[in-house]
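Working through the structure, step by step
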Amino acid sequence: MKVAPSILSADFGNLARDVAEICESGCDLVHVDVMDGHFVPNLTIGPVVVSAVAKAATKPLDIHLMVENNTFFVDLFAPLKPEYISFHIEEEKHPHRLIQKIRSYGIKPSIVLNPNTIPEELEYILGDLDMVLLMSVNPGFGGQSFIDTVIPKAMKLDEMRKRLNPKCLIEVDGGVSDQNIKALKDAGVDVVVAGSYVFKHKDRAQAIKSLQI
Ligand SMILES: O=C(CO)[C@@H](O)[C@H](O)COP(=O)(O)O
Ligand SMILES: [Co+2]
């Protein structure tokens, strides 16, 4: 299991230090939550701050867009060369076109599904993706409780990707901890995002290790 700590739970007064620390502590990706105050009722960071995060990080960036105008934000963040850009299917009229745009920048495209969005939505687009991100909380905030219907949903998506795109990764985001990591692994999940569990832990390296099962 790969681990992507969400910097939403970092100390923003010491962001570069916290980003460097999780990278030295063995994380696989650095998860960056971009919120615009419209798609979700919260506002986070733009390219100026994410560029500082990219400088401090020794691991690739995993950008999670929670915004209304995906194309605008893809163009804004592409110069920072993240490994992945994930966008919400609930907010995109032309997902196939946006996937091609993300790929044209040399970035791996990923689609995010809200807790109530069914994986069958991806039947005709899964073949074009490098990753699918399943939300296990409602997007907008860190520190929420894990919604456990993501487990059967990940199992369903695992069946679909075996048929349509075996190389496509499954990532789960929200409320992940040592309490649910085994169920996620058994369901076929490849990458987990963990914000409060990693950043509130007294030993962040140990917290990351406990999820890399
Ligand atoms: O995208 C989001 C929230 O919208 C997440 O990436 C959270 O930031 C994860 O935080 P925890 O639930 O692990 O505290
Ligand atoms: Co996220």
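Residues numbered from 1 in each chain as written. Chains lettered and ligands numbered in written order. Predicted model: local features only at pLDDT ≥ 70, side-chain atom pairs only at ≥ 80, totals over all residues.

**Description of the overall build of the chain**
Using the following cut-off: What counts as a helix is a DSSP run of H or I of at least four residues, what counts as a strand is a run of E of at least two, and both are numbered from the N terminus. A radius of gyration in this sense is built from C-alpha atoms; the matching globule rule multiplies 2.2 Å by the number of residues raised to 0.38. Around each residue's C-beta, the other C-beta atoms within 10 Å are counted; 20 or more make the residue buried, 12 or fewer make it exposed, and counts in between make it partly exposed. All C-beta atoms are placed from the backbone.
Regarding its fold elements, the chain presents eight helices and eight strands. For the chain, the C-alpha radius of gyration of 16 Å lies close to 17 Å, the compact-globule estimate for 213 residues. Every one of the 213 residues in the chain was classed for burial, and the buried ones make up 43%.

**A word on the sheet that holds strand E3 (residues 61–66)**
The criterion, for reference: When DSSP locates at least two bridges between a pair of strands, those strands are taken to pair. Working convention: axes come from line fits to C-alpha atoms, limited for helices to the stretch in contact. Angles between N-to-C directions cover 0 to 180 degrees.
With respect to topology, eight strands assemble into an open sheet ordered E1-E8-E7-E6-E5-E4-E3-E2, the strand pairing being parallel. Two strands close off the open sheet at either side, each with one partner strand: strand E1 (2–5) and strand E2 (30–35). Strand-to-strand twist in this sheet, taken as the mean axis angle between neighbours without regard to direction, amounts to 25 degrees. For strand E4 (residues 84–88) and strand E5 (residues 108–113), the ladder comprises five bridges, and the chain directions are parallel. Note that in E5 the partner of tyrosine 84 across the bridge is lysine 108.

**Notes on the site of ligand 1**
Our working rule: Using the backbone to place each C-beta atom, any residue with that atom within 6 Å of a molecule or strand is considered near it. Here the term charged refers only to Asp, Glu, Lys and Arg, the term nonpolar to Ala, Val, Leu, Ile, Met, Phe, Trp, Tyr, Cys and Pro, and the term polar to all other amino acids, Gly among them.
With respect to spatial proximity, 22 residues lie near ligand 1, and among them Ser6, Leu8, Gly142, Gly195 and Ser196 are the closest. Elements with a minimum of two residues in the shell around ligand 1: E2, strand E8 (191–194) and helix H7 (196–199). For the shell around ligand 1, the residue count by class is eight nonpolar, 12 polar and two charged.

**Points about the nonpolar core**
Cut-off, in case you're wondering: A set of buried Ala, Val, Leu, Ile, Met, Phe, Trp, Tyr and Cys residues, joined through C-beta atoms within 7 Å, is what we mean by a nonpolar core. It is the C-beta atoms, placed from the backbone, that decide contacts: two residues are in contact if theirs lie within 7 Å.
Residues Val30, Ile85, Val132, Leu134, Ala154 and Val192 are the most contacted members of the largest nonpolar core, which totals 65 residues. By residue number, the principal contributor to this core is strand E6 (residues 131–135), which donates five residues. Setting aside anything within four residues of it in sequence, one finds leucine 134 in contact with Leu113, Val150, Lys153, Ala154, Leu157, Ile170 and Val172.

**Focus: the UniProt feature "active site" (unreviewed entry) in the chain**
Applied cut-off: UniProt positions are given in the numbering used here, feature names are shortened, and annotations may be inferred rather than shown by experiment.
In the UniProt entry, the feature "active site" (unreviewed entry) is given for Asp33 and Asp173. Of the residues just listed, which span 141 residues, no C-alpha pair is farther apart than 10.6 Å, and they cluster in one region. You can see aspartate 33 is positioned in strand E2. When the 24 C-beta atoms within 10 Å are taken as the criterion, aspartate 33 is described as buried. Not counting the four nearest positions on each side in its chain, aspartate 33 is found in contact with Ser6, Leu8, Thr44, His64 and Met66. Locating aspartate 173 in the fold gives a position in strand E7 (residues 169–173). Using a count of 25 C-beta atoms within 10 Å as the deciding quantity, one classes aspartate 173 as buried.

**Side note on the pairing of E5**
Our working rule: Here a crossover is taken to be right-handed if, once the strands point away from the viewer, the path from the first strand over the helix to the second is traced clockwise.
With five of six residues buried, E5 is to be regarded as a mostly interior element. Regarding topology, helix H4 (residues 95–104) serves as the crossover connection from E4 to the parallel E5, and that connection is right-handed. Bridge count for E5 against E6 is four bridges, and the pairing is parallel. Residue pairing across strands places valine 112 opposite leucine 133, the latter belonging to E6.

**Structural notes on the environment of alanine 56**
Considering the arrangement of structural elements, one finds alanine 56 in helix H2 (residues 47–56). On the neighbour-count criterion, alanine 56 (17 C-beta atoms within 10 Å) is partly exposed. Along the sequence, alanine 56 and glycine 188 sit 132 residues apart, while their C-alpha atoms lie 31 Å from each other. Alanine 56 has contacts with Ala16, Val19 and Ala20, leaving out every residue within four places of it along the chain.

**Notes on the UniProt feature "binding site: a divalent metal cation" (unreviewed entry) in the chain**
When the UniProt feature table is mapped onto this chain, "binding site: a divalent metal cation" (unreviewed entry) is found at His31, Asp33, His64 and Asp173. Spanning 143 residues, the named residues nonetheless gather at one spot, since no C-alpha pair among them exceeds 10.6 Å. Positionally, histidine 64 belongs in strand E3. By the C-beta count within 10 Å, which is 27 here, histidine 64 ends up buried. With near-sequence residues (within four places) excluded, histidine 64 lies in contact with His31, Val32, Asp33, Val34, Ser86, Val112, Leu133 and Asp173.

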